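Residue-level structure breakdown
The primary structure of each chain is shown beneath.
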Amino acid sequence: MAALDFTGWSLAFLRRVLYSWVRVDVLPERVEELGLAPARPVCYVLHGRHLSNLLVLYEETRRAGLPAPRAPLQVGARLLPRSCFFLDRPSPLIVSAKARFKPSPVLTGLVEALREDPAADVAIVPVTLLWGRAPDKQQSILKALFAETWRAPGLLRQALAIVLHGRQTMLRFSKPFSLRELLAGEGDSERGQRKLARILRVHFRRQREIAIGPDLSHRHNVVAELLEAPTVRAAIETEATTRGFTSAHAAARARRFALEIAADYSYGVVRAFEIFLAWLWTRIYDGVEIRNFDTLLQLAPGQGIVYLPCHRSHIDYLLLSYVVHQRGLTPPHIAAGENLNLPLVGALLRRGGAFFLRRSFKGEPLYAAVFHEYLHQMLARGFPLEYFIEGGRSRSGRMLAPKAGLLGMTVRSFLREHTRPLVLVPIYLGYERLLEGKGFVEELQGRPKERESIWSLLSAWRLLRGFYGKVHVNIGEPLPLTAALEARHSNWREERDPRAPWVRDFIDAVSATLAERINSAAVVTPVNLVALTLLTTPKQTADEQALYAQVALCQTLLTRLPPVPRVALSQVSPGEALAATARLEFVERVAHPLGDLWRVRAGLAPQLAYFRNNVLHLFALPALVACLMARNRRMERERLREVCGGIHALLRTELFLPGGDADLPAALDSQLGVLAELGLLRQREGSTRLAAAEANTPAFAQLRWLGEIIRPTLERHFLTLSLLQHHGSGKLTRKALEEASHLLSQRLNLLYAFNAPEFSEKNLFSAFVTTLLDAKWLTEDQAGALHFDARIATPVQYAALVLPTEAREAIRRMAGEVPRGPAAGAEQA
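Below you will find a few notes about this structure. Per chain, residues are indexed from 1 in the order of the written sequence. A pLDDT threshold of at least 70 governs which residues receive local features in this predicted model, and a stricter bar of 80 or more applies before side-chain atom pairs are shown or counted, although totals over entire chains, interfaces and linings include all residues. Where side-chain values are given, they derive from all heavy atoms of the structure, hydrogens and water being excluded.

1. A closer look at the overall build of the protein chain
Comment: elements are numbered from the N terminus, with helices defined as DSSP H or I runs of at least four residues and strands as E runs of at least two. Scanning the protein chain from terminus to terminus reveals 35 helices and 26 strands. Throughout, exposure labels follow a simple rule: accessible area from a 1.4 Å probe, protein chains only, divided by the maximum for the residue type, with under 20% read as buried, over 50% as exposed, and the rest as partly exposed. For the protein chain, with 829 residues in total, the buried portion stands at 54%. A fraction of 77% describes how many contacts in the protein chain between residues 6 or more apart in sequence connect residues 24 or more apart. Only the protein chains shown count as cover for residues, and the accessible areas themselves come from Shrake-Rupley with a 1.4 Å probe. As displayed, the protein chain offers around 36600 Å² of accessible surface, 54% of which is attributable to carbon and sulfur atoms. The contact criterion used throughout is that any non-hydrogen atoms of two residues lie within 4.5 Å.

Right, here's the structure in full:
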């Protein structure tokens, strides 16, 4: 404590400066409640080693008439220099690490004095000092960030805490206890010192827990345990052997990896985020609508939870934690890419519960071992987790093909060891306008993704001047992992090897199920409805009354068709839907003497397409039926079933439609019945032939309009599959196929009227090829050539029933003009 010794005028000056700002509430209010015996010497103990803490103790004991902490302390024959000490020792930045754990000289002197004089005793008075209230009591972001937490403050943080919270300081004198009684039976001095220090640490921990809540920060608790895990120890030894490192060097690398990964949960930061987001939802959003949250409340206590939302925006990282925390549940620890581990931002996200992972573990087996063990420990301890199974943000608005990385680690961790049931919770996150909307369109058009940086974050503040509508959170149907294992592999308890062949198939099946359940929790907003209807017109312009009728048709289909249990439809009239979309500046009304028109604002069609794609899966089957019937006018019912079955298999794979082949006939019959009731289709009694509504009627116009929702997707499929079929299996590389599809679509877009503004975007073809690979429609050999079987011929043969003749023939003709053979693919690759 010598570094903190001040005497005479300097001490009085510092105390006066501090108390010109600080106001302290002292507990207990009556010092008589402490029950201090006049004849027994008193020693005060402070936890945090700061001059400001010492000055407050000096002043408040003086005001209360208590024994002075600065006074020398006579214990038996020993005279100690002062009547107080800090439990914390100096930082290793000032002294050696060994000295950091050496007890205070005053503590050592007390124990030695009692050993020397059996009649001596001293009253130990722990003193708890809190600068400010718990974070959950704060209403200011800055105050919340610097409120009392479990993290020991440095000099700068302590100074800021005094400035921000000095008028809400609390000092608590705890009941004194006899050091003689505590050390009874302890003959060894060092053991006595360790016992006293341990008792005091437990006491201060309990006092802090009462004041600010339990310590949820696990970084300092987990890292040491992580490095001692058998899997990590084995990886450290392997690293040392294979790379020629010493064991100490390999262990140091493992520790750096653990610190790079681990979250560092802070109440103050979480509270600051809560305050910020509460402001954000009212500043640029029109609030947050939450549906089916009772699903989470009904989960049995004691179950582990993994939240699996779709990934639309960087706001997603904060959104779900805010919603969960607001409703009294523990915020999840969130997996975040290392691209977000920026200076300052990364530290704040880490303290908000984020843990970081690299995009690839390739070439770093030690990093992989540390990360796997960290995730396992989090699950084993029951911490709720959150990660995005799509891997990255969807640029198109569709649900992306799930990446099995983190989900696979979760399943394998559960198979390795589990102490509690684990529930996977799919969640749909929906926006009515995106902060990143313009950037997503530019990336789809080929601009490289801009790296996250402090500068890009600062430049994003200008976006806060806009209005972004409502945010929607809908909790999907949970998937208990044990039940899923029982259904797919009933003897999983006997075959718990995480590397068993069946595990990979199980992970793929669970990934697809979760993607379907996210889609089945979609929220259909006014923007979605307007995007579905207005973008299908050739010039993204429509008569107001006709547009009202088409929006109403989409709403009717969602309510009349077999309901998807958790899909939610915004209850607004067509006029209100258009007004809401206009407020978001996507569309505008054009006055005309013959009737008002609505059109998409110049340049915004690609952004609006994002919101059509959010809910495209809900209309895929009725739109497919409408597209077929509007194009062919009449079809036999069985022929329609056959064609829908052939095309629907590919749509189901890309759009994650629920149900399988066996469910399609019943679903199709239901769709046909509703379309017939609405007058869009006709069928004579006793006949098996279906007919479209009469040409040149409003009903036929609606049918054709409905079919246009899905036609661009079918055209893109037909274009890609035609190229594959023309060249043959094993003749094109992936890069060559994507480039050829992109160029061909650009040409078609110039020659024919395609109503999808993003039809020729190269990334959409890349995503479709990824879907074909993930679904095993395509396989890729070591040379990069794509192979396929006869399945791709089924959708292609039905193209004549979907596409106009001129477009179909152009695709076939231009497909034949693309250079054949692997050489072309190799050159482009």
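Continuing now.
2. Examining the packing of aromatic side chains
Pairing of aromatic side chains here covers Phe, Tyr and the six-membered ring of Trp, requires ring centres within 6.5 Å, and sorts the geometry by plane angle: under 30 degrees stacked, over 60 edge-to-face, intermediate tilted. Taken as a whole, this structure holds 15 aromatic pairs when the rule is applied. Considering the side-chain rings of Phe-257 and Tyr-367, the 5.4 Å spacing of their centres and the 85 degrees angle between planes classify their relative orientation as edge-to-face. Of this pair, Phe-257 sits in helix 11 (residues 247-261) while Tyr-367 is found in helix 16 (residues 365-381), placing the two residues 110 residues apart along the sequence. This pair shows no difference in class: Phe-257 is buried, exactly as Tyr-367 is. Considering the side-chain rings of Tyr-367 and Phe-371, the 6.5 Å spacing of their centres and the 20 degrees angle between planes classify their relative orientation as stacked.

3. Remarks on helix 2 (residues 51-64)
Between its terminal C-alpha atoms helix 2 stretches 20 Å, which fits the 20 Å expected from 14 residues at 1.5 Å a residue. In terms of burial, helix 2 is largely enclosed, as 10 of its 14 residues are buried. Of the residues making up helix 2, those classed as buried are Ser-52, Asn-53, Leu-54, Leu-55, Val-56, Leu-57, Tyr-58, Glu-59, Glu-60 and Thr-61. Trailing helix 2 by a residue or two, Gly-65 shows a phi angle of about 75 degrees, which is positive. Take the number of residues in a helix, subtract one, and multiply by 1.5 Å to get its expected span.

4. Examining the side chain of Arg-393
Within the secondary structure, Arg-393 sits in the loop between strand 13 (385-386) and helix 17 (405-416). We classify Arg-393 as buried; its relative accessible area is 10%. In the analysis that follows, any N or O atom pair within 3.5 Å is treated as a polar contact, provided that within protein one partner can donate a hydrogen and the other can accept it, and provided that, for residues neighboring in sequence, both atoms belong to side chains. Only 3.3 Å separates the side chain of Arg-393 from the side chain of Glu-436, close enough to count as a polar contact.

5. Some remarks on the environment of Leu-664
Its location among the elements puts Leu-664 in helix 28 (residues 664-677). Residue classification places Leu-664 among the buried positions, given a relative accessible area of 10%. Considering only alpha carbons, one finds Leu-664 and Ala-649, 15 residues apart in sequence, at a separation of 9.7 Å.

6. Details of the environment of Gln-303
On the secondary structure map, Gln-303 appears in the loop between helix 13 (294-297) and strand 10 (304-309). Remark: the alpha-carbon pair of Gln-303 and Phe-383, spanning 80 residues in sequence, is separated by 9.9 Å. When sequence neighbours within four positions are dropped, the list of residues in contact with Gln-303 reads Arg-420, Pro-421 and Val-423.

7. Regarding empty space enclosed by the protein
In this analysis a 1.4 Å probe is tested at points of a 1 Å grid over the protein atoms alone, and where it fits but cannot get out there is a cavity; an open set with protein on both sides within 12 Å along at least five of seven lines is a pocket; lining residues have an atom within 4 Å of a point. Grid points are joined across faces, edges and corners, and a volume is the space filled by probe spheres set on the points. The tally for this structure, following the rule as stated, stands at five cavities of 30 Å³ or more. Considering the residues around the largest cavity, the lining is formed by 14 residues, among which Phe-273, Tyr-317, Leu-318, Ser-321 and Gly-352 are closest to the centre. Counting only elements with at least two residues in the lining of the largest cavity, the list comes to helix 12 (267-283) and helix 14 (316-326). When residues of the lining of the largest cavity are assigned to their parent elements, the largest contribution, five residues, is made by helix 14. Side-chain classes follow a simple rule in which Ala, Val, Leu, Ile, Met, Phe, Trp, Tyr, Cys and Pro form the nonpolar group, Asp, Glu, Lys and Arg form the charged group, and the remainder, Gly included, forms the polar group. Within the lining of the largest cavity, the residues separate by chemical class into 10 nonpolar, three polar and one charged.

8. Details of the state of the cysteines
Whenever a pair of cysteine sulfur atoms sits within 2.5 Å, that pair is classed as a disulfide. By the definition in use, this model includes zero disulfides. This cysteine, Cys-644, is not joined by any disulfide, and Cys-627 carries the nearest cysteine sulfur, 9.9 Å off.

9. Looking at the pattern of salt bridges
One side-chain nitrogen of Lys or Arg within 4 Å of one carboxyl oxygen of Asp or Glu is enough to make a salt bridge. On inspection of all chains with the given rule, the structure shows 39 salt bridges. Glu-59 serves as the salt-bridge partner of Arg-63, at 2.8 Å between the closest nitrogen and oxygen. Taken together, the residues span about one helical turn, with Arg-63 and Glu-59 both in helix 2 at a distance of four residues. Classification of Arg-63 by relative accessible area gives exposed; the value is 52%. Note on Glu-59: relative accessible area 5%, which makes it buried. When salt bridges that share partners are traced, they join Arg-15, Glu-59, Glu-60, Arg-62 and Arg-63 into one network.

10. Things to note about the packing of helix 22 (residues 526-534) against helix 23 (residues 544-560)
Whenever a helix is involved, its axis is fitted only over the stretch in contact; in every case the axis is a line through C-alpha atoms, and angles between N-to-C directions fall within 0 to 180 degrees. One can describe the packing of helix 22 onto helix 23 by two numbers: an axis separation of 9 Å at closest approach and a directional angle of 120 degrees. Judged by the inter-axis angle, helix 22 sits oblique to helix 23. Classified by chirality, the crossing of helix 23 by helix 22 is right-handed. Between helix 22 and helix 23, the residues in contact are Leu-529, Thr-533 and Leu-534 and Leu-547, Gln-550, Val-551, Cys-554 and Gln-555, respectively. By residue class, the composition of the contact of helix 22 with helix 23 is five nonpolar, three polar and no charged. In these notes the angle categories are as follows: under 35 degrees is roughly parallel, over 145 is roughly antiparallel, 65 to 115 is roughly perpendicular, and the rest is oblique. Here is the rule for handedness: rotate from the far helix to the near one, and if that takes an anticlockwise turn smaller than a right angle the crossing is left-handed, while a clockwise turn gives right-handed.

11. A few points about the side chain of Glu-386
The topology assignment puts Glu-386 in strand 13. There is no salt bridge for the buried Glu-386, and the closest opposite charge comes from Arg-393, which lies 13 Å off by N-O distance. In this structure Glu-386 touches Tyr-307, Pro-309, Asp-316, Leu-320, Ser-321, Pro-332, His-333, Ile-334 and Ala-335, once residues within four positions along its chain are discounted. Only four residue types enter the tally: Lys and Arg on the positive side, Asp and Glu on the negative side, with His and both chain ends excluded.

12. Description of the pairing of strand 2 (residues 42-46)
A large share of strand 2 lies buried, amounting to five of its five residues. Side chains Val-42, Tyr-44 and Leu-46 project from strand 2 onto one buried face, and the interleaved Cys-43 and Val-45 project onto a second face that is buried too. If DSSP finds at least two bridges between two strands, the strands pair. Pairing analysis gives five bridges linking strand 2 to strand 6 (residues 123-131), with the strands arranged parallel. Pairing of Tyr-44 across the sheet is with Val-125, part of strand 6.

13. Let's talk about unusual backbone geometry
Cis geometry is found at the peptide bond from Leu-27 to Pro-28, where omega equals -5 degrees. Along the chain, Pro-28 turns up in the loop between strand 1 (24-27) and strand 2. One non-glycine residue with positive phi stands out, namely Asn-292, at about 60 degrees. We classify Asn-292 as partly exposed; its relative accessible area is 29%. The phi angle at Asn-696 is positive, at roughly 65 degrees, despite the residue not being glycine. Among the structural elements, Asn-696 can be located in the loop between strand 24 (689-692) and helix 29 (698-707).

14. A short note on helix 24 (residues 574-583)
Listed in full, the buried residues belonging to helix 24 are Pro-574, Ala-577, Leu-578 and Thr-581. Down the axis of helix 24, the sector holding all buried residues measures 95 degrees, keeping them to one side. The elements touched by buried residues of helix 24 are helix 22, helix 23, strand 20 (587-590) and strand 21 (597-600). A positive backbone phi angle near 70 degrees is found at Glu-585, which sits one or two residues after helix 24. In this description, one arc is meant: the one made by directions from the helix axis to the C-beta atoms.

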